[in-house]
There are 2 protein chains.
Amino acid sequence: MTTDRKAGRPSLAQVAALSGVSIKTASRALAGEPRVAADTRSRVRDAADQLGYRLNGVARELRRGASTSTLVGLLIGDLANPFYSRLAGGLERELRMRGLQLITASTDEDPEWERRLADALLERRVRGLVIASTATEHAHLAAEHHHGIPFVFVDRPPVALAVDSVLLDNHHGARQAGAHLTAVGHRRIGVVGDLSRLSTHRDRLDGFVDAMRAAGVANWADYLVENAHDVATAERAVLALLGRAPAPTALFTMNNRITLGALRALRGHPAPPALVGFDEVDLGDVLGVSVVAHDPEEMGQRAARLLLDRIDGHRGPARQVVIPTRLLARGSGERPPASPATTAGS
Amino acid sequence: MTTDRKAGRPSLAQVAALSGVSIKTASRALAGEPRVAADTRSRVRDAADQLGYRLNGVARELRRGASTSTLVGLLIGDLANPFYSRLAGGLERELRMRGLQLITASTDEDPEWERRLADALLERRVRGLVIASTATEHAHLAAEHHHGIPFVFVDRPPVALAVDSVLLDNHHGARQAGAHLTAVGHRRIGVVGDLSRLSTHRDRLDGFVDAMRAAGVANWADYLVENAHDVATAERAVLALLGRAPAPTALFTMNNRITLGALRALRGHPAPPALVGFDEVDLGDVLGVSVVAHDPEEMGQRAARLLLDRIDGHRGPARQVVIPTRLLARGSGERPPASPATTAGS
DNA sequence: ATGAAAGCGCTAACAC
DNA sequence: GTGTTAGCGCTTTCAT
């Protein structure tokens, strides 16, 4: 219990000294290299144990020169968002099969913090970096990219940087959602979205607007709310929408947190509006929530494959994988308008 | 676009050469040290930009000697479990205020992988390590601990290692749940738990059994299922329990995933048994699920404070923080038994 | 304000 | 099978 507290950690030299061999032999013995006598090896190991020696990975990495790290970094907006955590899960499983370890850091959707995290990981020479970027500018990564460290962008595309990416089919998914609701007869549809600067938000909004145009709904912007980034904000936004006169007869909630907020707002509502959400939500099937679903694990898996390819030396141009979405009709999205659908806007 | 691909990354020496100063001056200029002429500084910066230079943090760390890292590691069982991700969130917020960055890796509840992850992070000389350990043995961390790197165990206690920890009041919470159900009149209570080797599971089971003893329920073990580690397994386990004759009139699901599985299994059930879950679940309030709740963010926050204390040089003995639990009665746990409660076991 | 030399802990070469 | 030497890229003396 009372070992040398401050003494700093023992180095290979001390292990070598204690076991009476040269530093290089100690290195070989501990690294498990073949050409070491069995008893030498065990002597060195004992000395290491006794000293509480741990290899200094920093020194090793410096000497070996960078591309020996087993660590891959992942930068996401928010660990607590199941979309991201499922993505991380898919990525990790795939990397683990290759002996690579995933470390995940959360940017809190702050571009400056994202940059500092990327710097920290890059400086530590991770083997590759997967980013769900919240930034709108990625020039600072160009140099790293040219020096050969692999990047994969997920969920949101790189800006002015030719690297691999895995994206959702946001436009199509949102268009489907919009078309689904107009097909049931809705003309006043409340739309609630995340931070307006995010490309995912813009793409989804575009898709939705396409559907509105196709259905001849001109006043879609009347019921649009943006920048609802957390559940509580989304809940308030939905309550505000429902308080309008005339109230929307349907809702399109453009991500999982917003859908949660809406479900909260709709709790106990006598005649709830129709609801379609983007992203799956926990218990969505049990609750009968219609959603535009997709597979975050697959997204992670595909990202891992692109990355592994590059680690293996693939040199081709940037590739883009698009993950499909599909509408799951479970009840909430099929409720017809309670009042005549054409009351407003004509 | 066609920069030197293979050329390896530029070093400080190259930046120095290009800007016509010594290597040390270049170092000073880029590190933002005061005693550098303004035009020298800008010349060096230009050269660095032109070369796509990035500081080699590995070399810096080797030279500076370990305790300058801004990275703190977190090892958890599963990123996709909201309990862990909320814990990570609380931890991260607190660390960020001190300029420290959190990197999280997932052990998948595999002790061997946990060990390898700990090794990888420790070798990279993280500033501290927070672990929700799935292992039952932590001797290999003792040496690191003695060399002064701070550990904090969360959710599950360290074994034979005197380090700080933040734990839930599992025993009390589970006892409350059991007492709540017997108070409503239940005598046949299905209990579904996670991996039996986990201390959290054992503590919760002990607490529940205490409540059964206090209520004079002797046959509690008849309806016990363990090792239900994921939602699907839990769902099957609950269905199997409900198929018994006589069927349990109530369920105690001992963690959030198991509760999700139970909710799935109970979907559309004409006369669902009472249900109390351990851990909060998403939409738990909307769905009326009674739970033994606690605050994972607080757990993370407290862990961060213990860690920061140690980083700041605190030398006292290991401290243990216990996070309280409280029963939230929302409906599902208050349903009375459908059939006479005393049918079985007397 | 700038530079020269030493060295952090390790491993790759090349001895022996 | 084992030892010697050199050097990864940086920062720290200590000079100038």
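Residues numbered from 1 in each chain as written. Chains lettered and ligands numbered in written order. Predicted model: local features only at pLDDT ≥ 70, side-chain atom pairs only at ≥ 80, totals over all residues. Heavy atoms only, no water.

Draft legend 1. Spotlight on the packing of helix α5 (residues 82-96) of chain A against helix α13 (residues 296-311) of chain A. All names here are of chain A. Their axes nearest at 7 Å, the elements α5 and α13 cross at an angle of 40°. Put simply, α5 runs oblique to α13. Along this stretch, α5 crosses α13, giving a crossing that reads as right-handed. Of the residues in α13, those touching α5 at F83, R86, L87, G90, L91, R93, E94 and L95 are P296, E297, M299, G300, Q301, A303, A304, R305, L307 and L308. Counted by class, the contact of α5 with α13 contains ten nonpolar, three polar and five charged residues. (Axes fitted to C-alpha atoms, helices over the stretch in contact; angles between N-to-C directions. Helix = DSSP H or I, 4+ residues; strand = E, 2+ residues; numbered from the N terminus. Parallel < 35°, antiparallel > 145°, perpendicular 65-115°, else oblique. Left-handed = near helix turned anticlockwise from the far one by under 90°. Contact = heavy atoms within 4.5 Å. Nonpolar A, V, L, I, M, F, W, Y, C, P; charged D, E, K, R; others polar.)

Draft legend 2. Representation of the packing of aromatic side chains in the model. All chains considered together, the criterion is met by four aromatic pairs over all chains. Centroid distance F208 of chain A to F252 of chain A: 5.5 Å. Interplanar angle 20°. Geometry classified as stacked. With F208 of chain A in helix α9 (residues 199-214) and F252 of chain A in strand β8 (residues 250-253), this residue pair connects regions lying 44 residues apart in the sequence. There is no split in this pair, since F208 of chain A and F252 of chain A are both buried. Residues F83 of chain B and Y84 of chain B carry aromatic rings whose centres are separated by 5.4 Å and whose planes lie at 50° to one another, so their mutual orientation is tilted. (Phe/Tyr/Trp six-rings, centres within 6.5 Å; stacked < 30°, edge-to-face > 60°. Buried < 20%, exposed > 50% of the residue type's maximum accessible area, 1.4 Å probe, protein only.)

Draft legend 3. Up close: helix α11 (residues 256-266) of chain A. All names here are of chain A. By the criterion of burial, α11 is predominantly enclosed, with ten of the eleven residues buried. Burial in α11 covers these residues: N256, R257, I258, T259, L260, G261, A262, L263, A265 and L266. A side-chain oxygen of the first residue of α11 lies 3.0 Å from the backbone nitrogen of R257; this N-cap is N255. Backbone geometry just after α11 places G268 at a positive phi near 75°. (Polar contact = N/O pair within 3.5 Å; in protein donor to acceptor, adjacent residues only side chain to side chain.)

Draft legend 4. Spotlight on the pattern of salt bridges. Enumeration over the complete set of coordinates arrives at 42 salt bridges over all chains. Notably, a salt bridge pairs R96 of chain A with E92 of chain A, separated by 3.5 Å at the nearest N-O pair. Here R96 of chain A pairs with E92 of chain A, and both are found in helix α5, just four residues apart, close to one helical turn. Where E297 of chain B meets R86 of chain B, a salt bridge forms, and the shortest distance between an N and an O atom there is 2.8 Å. Here R86 of chain B lies in helix α5 (residues 82-96) and E297 of chain B lies in helix α13 (residues 296-311), a separation of 211 residues in the sequence. With relative accessibility at 28%, the residue R86 of chain B sits in the partly exposed group. Salt bridges here are not isolated pairs; linked through shared partners, they connect R9 and R54 of chain A together with D119 and E144 of chain B. (Salt bridge = Lys/Arg side-chain N within 4 Å of Asp/Glu carboxyl O.)

Draft legend 5. Local environment of the interface of chain A and chain B. In this assembly, 64 residues from chain A lie in contact with 63 residues from chain B. Of the roughly 6500 Å² buried between chain A and chain B on both sides combined, carbon and sulfur atoms contribute 53%. It is R54, R124 and H147 of chain A that lose the most area in chain A upon contact with chain B, and together they represent 13% of the buried surface on that side. On inspection of chain A and its partner chain B, the count reaches 14 salt bridges. With a closest N to O distance of 2.6 Å, R264 of chain A and D285 of chain B form a salt bridge. At the surface where chain A touches chain B, the tally comes to 26 residue pairs in polar contact (both at pLDDT 80 or more). Going through the elements one at a time, α4 (57-64), α5, β2 (101-106), α6 (111-123), α7 (142-146), α11 and α12 (284-287) of chain A are the ones with two or more residues in the side of chain A that touches chain B. It is α6 of chain A that contributes the most residues to the side of chain A that touches chain B, eight residues altogether. Residues belonging to the side of chain A that touches chain B are distributed by class as follows: 27 nonpolar, 17 polar and 20 charged. (Buried area = accessible area lost by both parts, 1.4 Å probe.)

Draft legend 6. View of the pairing of β2 of chain A. Residue and element names in this part refer to chain A. By the criterion of burial, β2 is predominantly enclosed, with six of the six residues buried. Burial along β2 is two-sided: Q101, I103 and A105 and L102, T104 and S106, pointing in opposite directions, are all buried. One ladder, built from six bridges, connects strand β1 (residues 71-76) with β2; its direction is parallel. Bridged to L74 within β2 is T104. As for the winding sense of the linkage, the β-α-β connection from β1 through α5 to β2 is right-handed. (Pairing = 2+ DSSP bridges. Right-handed = clockwise from strand over helix to strand, strands pointing away.)

Draft legend 7. Looking closely at the relation of the copies chain A and chain B. When chain A is brought onto chain B, the operation consists of a screw motion whose angular component is 180° and whose axial shift is 0.1 Å, with 0.1 Å RMSD remaining. Both copies are brought into coincidence by an operation consistent with a two-fold rotation axis. (Least-squares fit on C-alpha atoms with pLDDT ≥ 70 in both.)

Draft legend 8. Here's a closer look at the nonpolar core. F252 of chain A together with F252 of chain B are the most contacted members of the largest nonpolar core, which has 90 residues in total. Not counting residues up to four positions away in its chain, the partners in contact with F252 of chain B are A174, A177, L181, I189, G190, V191, V192, F208, V276, G277 and F278 of chain B. Ranked by size, the runner-up nonpolar core spans 38 residues in total, among them A118 of chain A together with I103, F153 and V163 of chain B. (Core = buried A, V, L, I, M, F, W, Y, C linked by side-chain atoms within 4.5 Å.)

Draft legend 9. Structural detail: the environment of A237 of chain B. Residues and elements named next belong to chain B. With respect to the helices, strands and loops of the structure, A237 is situated in helix α10 (residues 231-242). A relative accessible area of 11% means that A237 is categorised as buried. Distance from A237 to A218, taken between C-alpha atoms, is 22 Å for residues 19 residues apart in sequence. Look past the residues within four positions of A237 in its chain and what remains in contact with it is V192 and V225.

Draft legend 10. How the structure looks around the sheet that holds strand β7 (residues 224-225) of chain A. All names here are of chain A. Taken in spatial order, the six strands make up an open sheet running β7-β6-β8-β9-β10-β12, and their pairing is mixed. A single partner strand is all that each edge strand has here, and the edge strands are β7 and β12 (326-328). Two elements, β8 and strand β9 (residues 274-278), share four bridges in a ladder whose sense is parallel. Within β9, the residue paired with L251 across the bridge is L275. The strands that helix α8 (residues 170-183) touches are β6 (189-192), β8, β9, β10 (290-293) and β12; relative to β9, the one it contacts most, it runs at about 175°. Against the sheet, α9 contacts β6, β7, β8 and β9, and its axis sits at roughly 165° relative to β6.

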